[in-house]
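For reference, the chains in residue letters:
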Amino acid sequence: MKPRTVAVVTGTRAEFGLLDPVMRAIRAHPRLRLKVLAAGMHFVKDRGFTVLEIRRAGFRIDAGVRAPRPREDPAWMGEALGEMTKGFACAL
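Residues numbered from 1 in each chain as written. Predicted model: local features only at pLDDT ≥ 70, side-chain atom pairs only at ≥ 80, totals over all residues. Heavy atoms only, no water.

Asker: Describe the sheet that holds strand 3 (residues 63-65), naming the residues involved and giving the relevant values.
Answerer: Sheet strands associate in pairs through backbone hydrogen bonding, adopting either a parallel or an antiparallel arrangement. In spatial order, the strands read 1-2-3; together these three strands make up an open sheet with parallel pairing. Where the open sheet ends on each side, the last strands, each with one partner, are strand 1 (4-10) and strand 3. Ignoring strand direction, the axes of neighbouring strands in this sheet form an average angle of 25 degrees. Pairing analysis gives three bridges linking strand 2 (residues 32-39) to strand 3, with the strands arranged parallel. Its bridge partner being in strand 3, Ala39 is matched across the sheet by Val65. Of the strands in this sheet, strand 1 and strand 2 are in contact with helix 1 (residues 13-28), which crosses strand 1 at around 170 degrees. (Pairing = 2+ DSSP bridges. Helix = DSSP H or I, 4+ residues; strand = E, 2+ residues; numbered from the N terminus. Axes fitted to C-alpha atoms, helices over the stretch in contact; angles between N-to-C directions. Contact = heavy atoms within 4.5 Å.)

Asker: Hey, could you go over the pairing of strand 2 for me, with residue numbers and the actual values?
Answerer: Counting buried positions along strand 2 yields six of eight residues, so the element is predominantly enclosed. Of the strand pairs in this sheet, strand 1 and strand 2 are connected by seven bridges, and their pairing is parallel. Its bridge partner being in strand 2, Ala7 is matched across the sheet by Lys35. In this region the chain leaves strand 1, passes through helix 1 and returns to the parallel neighbour strand 2; the handedness of that crossover is right-handed. (Buried < 20%, exposed > 50% of the residue type's maximum accessible area, 1.4 Å probe, protein only. Right-handed = clockwise from strand over helix to strand, strands pointing away.)

Dropping the structure here:
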């Protein structure tokens with residue numbers, strides 16, 4: 001039987017800490033294949049650039065979805081959601 005792919009999306013360091021054991025269980029399961037999508041705060045340098053923590057934990061990042069840099073412009077949130085939705089769609 002072909003393994004099923006399970007995509008895990010992580011956007012913050014705190015949430016990655018919670019997802020780590022789940023991701024390890026998925027990766028260890030013989031009928032599952034783990035796909036890691038890192039997003040959001042993992043790519044912010046002043047927050048520790050935590051994609052490195054994901055890699056140090058032994059996970060390969062299959063796709064990175066970055067948000068546009070924050071601006072004071074009220075349209076920024078809509079643009080960010082659109083860009084990230086597009087990024088997730090391409091990754092999946």
